[in-house]
Each structure stands twice: as structure tokens, then as C-alpha cells.
Amino acid sequence: MTDTLATPAAQASASTAASSAAATVTQERRIVTAIPGPKSVELQKRRLETVSDGVSSMLPVYIEQAHGAILRDVDGNQFIDLGAGIGVTTIGHTESSVVDAATSQVGQFIHTLFTITPYEEYIRVAELLAEHTPGDFKKKSVLINSGAEAVENGVKIARKYTGRRAVAVLDHAYHGRTNLTMAMNYKAAPYATGYGPLAGDVYHAPSSYPYHDGLNGADAAARTIAYLEKVVGASDLACLVVEPIQGEGGFMVPADGYLPALQEWCTANGVVMIADEIQSGMARTGAYYASEHFGWVPDLVLTAKGIAGGLPLAAVTGRAEIMDSSQPGGLGGTFGGNPVACAAAIAVFEAIENNDLLAEGQRIEKTLKAGLTELQNSTDIIGEIRGHGAMVAIELVQPGTGNTTKEPNAAAVASISAYAAQHGVLLLTAGTYGNVLRFLPSLALTDDLIADALSVIDDAIRAL
Ligand code: PLZ
């Protein structure tokens, strides 16, 4: 058995390594071995013996340290991280204020369970969420552990408040991997295949996807509403759950006016409208919440991923009268609002303010879109560039079909991301048809690193 971390010396060296990531991980791309390197190959062999085949990894390079926008693997290779753990380390890997806050909280107490004996850090996070989520009304929160758990709780709360059963989502949505959320996803494979029976009373309404449907916001909303009225009936509908910018679906930005029109219909019909801001929230898009770009003020907002700098924490925040409709004891969970995660979250909110990180998101959007537009002009496979802040994607189409049939080009996406990985750029894919490359970096990504990453992607397109 390999148990190297059991010896005190090894433990000491592990903790030195952790504390020195900021010092050792330079903000540059560097490839020094084949990818994956020999130590990663060894770890991959061990992993295949003990980790379920149901858990896959996009790129089997094993990470030893990370700082800012760079991941460093066990073989000493450094990758420009354009994924941030799918939008989690938004303020940067091992950001010093988060490291300090979490470390200091670990030395105070690590767990009590807020529903047994509470603590201030949970309250502070709820105050910060009330302050920074959209809407000027009294808001309350519940803290939980993961995005899917936030979706589950949002639906629970909406059902309790309305006394209604049905849940509606949009085409191309992604909401999680639990039993209820599997039924809320657009794509069955790989998320739900073979895992049924799925939860009932979940309805998939048409969305707004301007590049493909060509509809303005009013017409797209009318189509969504007509579906809800016909297929579900407003009087049975508890909630409509919507990602303001769809994440796994491919960063679809809805047409102007679409989201406020849906909110207006929901309000008029007693339906709770829930923003799934799990991927798009917490300073990801140059605003605290992506809903703000569309003038949408949701009833409930779901936050997860970026809120605690990489520690597991999630929240449902919204109108106090909806949040308070649950009976005492109806909401909770052992680890929900863990004090270490809460301390980290408070540091994240402070870093967003103190380091003007909303402006960093806007900077990244400007630099990325300018570079991607140049790429688009030099090739005929980039159909659309879309997104806000550090949440930008390109949809790849068959050569020359960008203005006509817009046929998906998943093969190009797969080749470009594989080429990029070999050259030290970690690039996530997405899209219902697998034909979207997404840029979801941390806000620590400099303009120089963006230029470097784009030059690799340029080479990758030429190598197709
Ligand atoms: N809602 C909008 O993006 C998580 C999925 C990773 P959890 N997206 C990344 C994977 O393959 O499991 C996500 C999201 C939106 C909900 C979720 C679910 O969040 O924290 O993964 O449960």
C-alpha cells in the first residue's frame, strides 16, 4: 500500500507545498514532458484500479499545485486554466485572502452544524448574498453544499410556497446529477442514461437561442409561455428554473427582453421564477449575477461554484416571504454552510470588492472577444462568439455554414481542445451538440495569458 502522507515528514512537506503554490507556480504556460507525463501515467494506472469508471476526467494530468490562472501537474507541466474547475476558482486558484481565511477558520472550529449550534459566518454570508443578488426587497437564504442541492432546495421551497407540483425548465438546460436534477437536464447522455426512473412533473419548454431560432426576446418568450400554458397549465406550475446564460448547454445568451417577459408572466400567474446562477454568478460575467445583464430580477437565485473560492458551498437566496414559507426544520443538512467554506466565501466577496473584480471580468471579455473575432475572420468554422465577462464561448460549425445551415462541428471542438491540452492550454467543451468551446477562466487571467492561449488555439485550428 502506498501511504506516503502518513509520515510526519511527508505531512510537513505536503503542507509546505500547499503554502508555497503562490511562490512556485509562475503565471506562464510550460510543457516539459509528454502529456500526460510519466508521473500522471502512473497515477492514472492506480486510479483505474480503484476509482469507479463512472467518474471520468477530461484530461488525466494530475495536479499538484495551482495559483492564479495556472495549474501545475505532478510532472512540472504548467497549463493555462481556461476552465477554473468549471467556473469555481473565479477569483483565482489559491487566492491569498481565501487561503488565509480558510486556514484561520480551520484553527478556530471546523464544524458544529448550524442547525444544532449556529455561528456568525453563516449569517454574514446570508447578509452578503442579500446585498449582492438582484432585487431591492427583503431577502433570506439557506446554505447548502453543491449546485444540485441548491436546485433541489429551490424547487422544494417553490413547491411549499405555491402548494403546486410542476417544475419547468428550458431546452438545453443543465441543473445537476441528483434524481430530481437529472430529470431537469436537457441531455440524457451521459447524465441520466440508465439511472431511471427519473422524477416526474418536470417539463422542458423551448428556450431562447438567437443564433439558431432567430427570434427576438418577445417572440421567444411568447413561444415559451404558450408551451407552459398548454402543456403544464399555470395553476399547476410551482416554478420555472432558468440559467440566465446557459452553461453546459453552450453559453447561450438569450435575446433581449426574453427573461423579463418570462418573469412578468410568472409573477402574474403566481409561479416562482428561479435563476440558476450556479455557473454564471459570483462575478463571473462582469456583474455579480448574469441576470443583471438582462434586467431580470428573479424571485429566487441559486449560487454555488465560485462563491467560496473552491470550497464546497451553495445557497438559495430570495424573497423573504417565499424563503420563510418552509416550516422550521424543513431545510438543512449536515454540512450546509460549513464554517470553513463560509469564511472562504466572505473572503471571496471582499476580494471582489477590494480588487474590483467586476472590472476584471469586463477586461477579459474585451480581450477575449477581440482575439476571437480575429480568429473568426481567419477561418470559416467559428459560427458565433457569445457570452459576457469571463464566460465566453465559440460555436463551431461545418466550414462555411456559419450564416446558413450552422451545422455543428463537434469533431473540430474535440481536435482543438486535444491540441490545446498537448500545448498547455486547458479548454472546456460544451454544447448540446458538443460543438462549443468555452472560455471560463479565473479573473486572474492576464491579457498576456489570453494572447498566448489564443495563439495556441489559432495553431490548433490551422492544424485541423
Ligand atoms: N446548475 C447551471 O453549471 C454544474 C457540471 C459538472 P453541482 N455544472 C458543472 C459535472 O459534469 O458534474 C451546474 C451548473 C448549473 C447546476 C449545476 C450543478 O452543480 O455543484 O455540480 O451539483
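Residues numbered from 1 in each chain as written. Predicted model: local features only at pLDDT ≥ 70, side-chain atom pairs only at ≥ 80, totals over all residues. Heavy atoms only, no water.

Caption draft 1: Fine view of the packing of helix H14 (residues 357-377) against helix H16 (residues 447-462). Two numbers describe how H14 lies on H16: the axes approach to 10 Å, and their chain directions differ by 25°. As judged from the angle between their axes, H14 and H16 are roughly parallel. The crossing of H14 and H16 is right-handed. Here Arg363, Ile364, Thr367, Leu368, Gly371, Leu372 and Leu375 of H14 come into contact with H16, specifically with Asp447, Ile450, Leu454, Ile457, Asp458 and Ile461. Of the residues contributing to the contact of H14 with H16, the split by class is 8 nonpolar, 2 polar and 3 charged. (Axes fitted to C-alpha atoms, helices over the stretch in contact; angles between N-to-C directions. Helix = DSSP H or I, 4+ residues; strand = E, 2+ residues; numbered from the N terminus. Parallel < 35°, antiparallel > 145°, perpendicular 65-115°, else oblique. Left-handed = near helix turned anticlockwise from the far one by under 90°. Contact = heavy atoms within 4.5 Å. Nonpolar A, V, L, I, M, F, W, Y, C, P; charged D, E, K, R; others polar.)

Caption draft 2: Expanded view of the sheet that holds strand E12 (residues 391-396). Strand order in the open sheet formed by 4 strands is E11-E12-E15-E14, with antiparallel pairing between adjacent strands. Here the strands that pair on one side only, and so sit at the sheet edges, are strand E11 (382-388) and strand E14 (428-430). Going across the sheet, the axis of each strand differs from the next one's by a mean of 25°, ignoring polarity. Where E14 and strand E15 (residues 436-439) come together, 3 bridges link them in antiparallel fashion. Within E15, the position partnered with Leu428 by the bridge is Arg438. Sheet strands touched by H14: E11, E12 and E15. Its angle to E11, the strand with the most contacts, is close to 175°. (Pairing = 2+ DSSP bridges.)

Caption draft 3: How the structure looks around the site of the ligand. The environment of the ligand is formed by 14 residues, the closest being Gly147, Ala148, Arg177, Asp276 and Gln279. Here Asp276 contributes a side-chain N or O atom positioned 2.7 Å from a nitrogen atom of the ligand. In this structure, Gln279 approaches the ligand through a side-chain N or O atom, which is 2.8 Å from an oxygen atom. Across the complex, the protein chains shield 80% of the 510 Å² of accessible surface that the ligand would expose by itself. Class assignment of the residues belonging to the shell around the ligand gives a composition of 4 nonpolar, 5 polar and 5 charged. (Near = heavy atom within 4 Å. Polar contact = N/O pair within 3.5 Å; in protein donor to acceptor, adjacent residues only side chain to side chain. Areas by Shrake-Rupley, 256 points an atom, 1.4 Å probe, with all protein chains shown as cover.)

Caption draft 4: Layout of unusual backbone geometry. With omega at -5°, the peptide bond leading from Ile35 into Pro36 counts as cis. With an omega of 0°, the peptide bond running from Ala189 to Pro190 counts as cis. In this fold, Pro190 is placed in the loop between helix H8 (179-184) and strand E6 (202-205). Even without glycine at this site, Met282 takes up a positive phi of about 55°. Relative to the elements of secondary structure, Met282 occurs in the loop between strand E8 (272-276) and strand E9 (300-303). Despite not being glycine, Ala283 has its phi angle at roughly 70°, a positive value.

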